[in-house]
Amino acid sequence: MKFIFITGGVISSLGKGLTAAALGTLLENRGLRVALQKFDPYLNVDPGTMSPYQHGEVYVLDDGAETDLDLGHYERFTHTKLTRLNNLTSGQVYQTVLNNEREGKYLGKTVQVIPHVTDEIKNRIRLLAEHTGADVIITEIGGTTGDIEGLPFLEAIREFAHEVGPGNAIFMHVTYVPFIKAAGELKTKPTQQSVAKLREIGITPHIIVCRCERPLDKELRQKISMFCNVPVEAVVEEKDVDHTIYEVPLMLQRERVDELVCRLLRLDTPPANMSHWQEILRKLIAPQHRVRIGVVGKYIGLQDAYKSVYEALSHGGIAHDCGVEIARIEAEEIEKHGPEALLKDLAGILVPGGFGERGIEGKILAVRYARERRIPYLGLCLGMQVACIEFARHVLGLDGAHSTEFDPDTPHPVIALLDEQRQITRKGGTMRLGAQPCQLKVGTRAAQLYGAFLVQERHRHRYEFNNAYREAFEQAGMVFSGLSPDGKLVELIELPDHPFFLASQFHPEFLSKPHQPHPLFRGFVGAALLHTQKGR
Ligand code: GLN
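In this report, the structure presented in the accompanying data block is examined. (Residues numbered from 1 in each chain as written. Predicted model: local features only at pLDDT ≥ 70, side-chain atom pairs only at ≥ 80, totals over all residues. Heavy atoms only, no water.)

What about the sheet that holds strand E21 (residues 479–483)?
Move 1: The strand order E13-E12-E14-E15-E23-E22-E21-E18-E19 describes an open sheet built from nine strands, whose pairing is mixed. Each of the sheet's edge strands pairs with one partner strand only, and the pair in question is strand E13 (322–330) and strand E19 (454–461). Between one strand and the next, the sheet's axes are offset by a mean angle of 25°, whatever the strand orientation.
Move 2: Where E21 lies against strand E22 (residues 490–494), four bridges are found, and the strand directions are antiparallel. The residue bridging Gly 482 from the neighbouring strand is Leu 492, located in E22.
Move 3: Sheet contacts for helix H12 (residues 307–318): strand E12 (289–297), E13, strand E14 (348–351) and strand E15 (377–380); angle to E13, the most-contacted strand, approximately 150°. (Pairing = 2+ DSSP bridges. Helix = DSSP H or I, 4+ residues; strand = E, 2+ residues; numbered from the N terminus. Axes fitted to C-alpha atoms, helices over the stretch in contact; angles between N-to-C directions. Contact = heavy atoms within 4.5 Å.)

As for the state of the cysteines
Move 1: Going through the model one piece at a time under the given rule, you end up with zero disulfides.
Move 2: Cys 212 forms no disulfide, and the closest cysteine sulfur to it belongs to Cys 210, at a distance of 6.5 Å.
Move 3: Taking relative accessible area as the criterion, Cys 212 reaches 1% and is therefore assigned buried.
Move 4: The thiol sulfur of Cys 438 is not disulfide-bonded, and the nearest other cysteine sulfur, from Cys 381, lies at 13 Å. (Disulfide = S-S within 2.5 Å. Buried < 20%, exposed > 50% of the residue type's maximum accessible area, 1.4 Å probe, protein only.)

Digging into the packing of helix H1 (residues 16–28) against helix H10 (residues 257–264)
Move 1: With their axes 10 Å apart at the nearest point, H1 and H10 run at an angle of 75° to one another. With respect to their mutual orientation, H1 and H10 come out roughly perpendicular. Residues Leu 23, Leu 26 and Leu 27 of H1 form the contact with H10, whose own contacting residues are Val 257, Asp 258, Val 261 and Cys 262. (Parallel < 35°, antiparallel > 145°, perpendicular 65-115°, else oblique.)

Here we look at the sheet that holds strand E20 (residues 463–465)
Move 1: Here we have three strands laid out as an open sheet, ordered E16-E17-E20, and mixed in their pairing. Two strands bound the open sheet, and with one partner strand each, they are strand E16 (402–403) and E20.
Move 2: Both strand E17 (residues 413–417) and E20 contribute to a ladder of three bridges, which runs antiparallel. Each residue of the ladder has a partner; that of Ile 415, found in E20, is Phe 465.
Move 3: Taken strand by strand, helix H16 (residues 382–394) contacts E16, E17 and E20, and its axis lies near 145° from that of E17.

Here's the deal with the site of the ligand
Move 1: Taken together, Gly 353, Gly 354, Phe 355, Cys 381, Leu 382, Gln 385, Glu 405, Arg 460, His 461, Arg 462, Tyr 463 and His 507 make up the full set of residues adjacent to the ligand.
Move 2: Within the side chain of His 507, a nitrogen or oxygen atom sits 3.2 Å from a nitrogen atom of the ligand.
Move 3: For the ligand, whose unbound accessible area comes to 300 Å², protein coverage reaches 98%.
Move 4: When its residues are assigned to classes, the shell around the ligand shows four nonpolar, five polar and three charged. (Near = heavy atom within 4 Å. Polar contact = N/O pair within 3.5 Å; in protein donor to acceptor, adjacent residues only side chain to side chain. Areas by Shrake-Rupley, 256 points an atom, 1.4 Å probe, with all protein chains shown as cover. Nonpolar A, V, L, I, M, F, W, Y, C, P; charged D, E, K, R; others polar.)

Quick notes on helix H3 (residues 70–77)
Move 1: By the criterion of burial, H3 is predominantly enclosed, with eight of the eight residues buried.
Move 2: Along H3, the residues that are buried comprise Asp 70, Leu 71, Gly 72, His 73, Tyr 74, Glu 75, Arg 76 and Phe 77.

Side note on the environment of Ala 476
Move 1: Following the sequence through the fold, Ala 476 ends up in the loop between helix H19 (470–475) and E21.
Move 2: Every residue in contact with Ala 476, bar those within four places of it in the chain, is listed here: Phe 391, Val 395 and Leu 396.

Digging into unusual backbone geometry
Trans peptide bonds make up most of the peptide bonds, and negative phi angles are found at most residues other than glycine.
Move 1: Cis geometry marks the peptide bond from Ile 114 to Pro 115, where omega comes out at 10°.
Move 2: Structurally, Pro 115 is set in helix H5 (residues 113–132).
Move 3: In this structure, Ser 13 is a non-glycine residue whose phi angle is positive, near 65°.
Move 4: Mapped onto the elements, Ser 13 comes out in the loop between strand E1 (2–8) and H1.
Move 5: What makes Ser 13 exposed here is its relative accessible area of 74%.
Move 6: Non-glycine residue Cys 381 carries a positive phi angle of around 60°.
Move 7: Structurally, the position occupied by Cys 381 is in the loop between E15 and H16.

Following this line, the structure appears as structure tokens:
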């Protein structure tokens, strides 16, 4: 078993996660079984309790783990199925160490960062290795070299590499080579310094991946090679992508990173055949059709808050050879300016998941606009809940209908807490989380899109459709096309007399991949395309 450790230098947000995922793609296409893992140095047990402003999207796994959004890249770029073993935070490490201490596992000893914390980190690498039996484990260390909180992780991977010996573990450092406009040059000094910082800890990188806006010329590569102590072929250019993140694997392949990795790890494998990937890229870069879809949310200004939703939309486009342009619409703007001003000309409207009251009325206005103007609508989690509220208010005439999350005293609580959620007071990891079965109703659009009657989808929510209103909804034309197998929970709703009006209590965006677009996103983009073509 071989190990690749990916660290980051100079600044955060360099796309280490993407680099790790793209390397995973290449290695898989060389016939290797790959597992990817992320270590996050913060003290939260998981990102589930963090605001999107702090952390971006929380990516949910089948087993209900709330994880870093880089794990979304791992699942989209490779075939690996991830579990809670694949994301480790300092919070989890300390929680385990302190529990061990109370149980007396270290009886008589002073408990210290080295060896107790570092041992726990190393354990997690071994555990994943055992659990997956993969040929190669790629471990990405979050944060930037030089961060105080990252030190135990760097020490742990240094020790680990020492223990498995040369040829079995390599270090890849992703760094930034800025372009300084005034000088008209790319600068290597920050890279040199961050590599020096790593060496101080005892880690010498084998490969240096240089994130840059402009091409790295030969001279610069030689300079980095010389001062960072790596052969020149191990200085890799990773330029900003022109069109899509799905270019990254091919970019790394052109730089022969996979070849080098395999050589360093003594893995004898054929070159990666990336022709299917090239076809995906062709459809993303030069699609035959185009549609414009609005995403109405609350964290629209943030690049990362709806990452998987944006990705899944582009996958839905791949299925129809259709480029999806996304109009990012702040729900509160709809409250201020009305839906017409912001939503006209859209081929589809999507309301993603969310928490908290801000912007909720704007989302309800967006649903109403989509329903009445017969514009394709896809609602995800909160997007289903607001669709139910809108239907209750404007079709059933239930004034003041709401979710008890936003109005605890509403006369018509069409969305409410289940009894089991009412008892819960602790916030971390206590929502309805992870993969749950959903039974689809024969003859519905959902069943037709999935081509199945029982599916598993990932959840992350507390509130549910209130069954007291089921009959009234059905009589007014709403179809509950997906239910939990015991029939108690509403998972999918649709309006059959609308070109496409479908919403799910779960998060289909977490299961979409470029080579396997999710059926609901495929259906939604298909409907949006039809809407655009009809409008012409
Ligand atoms: N806030 C809603 C709930 O908890 C929806 C959650 C979501 O959209 N992920 O049920």
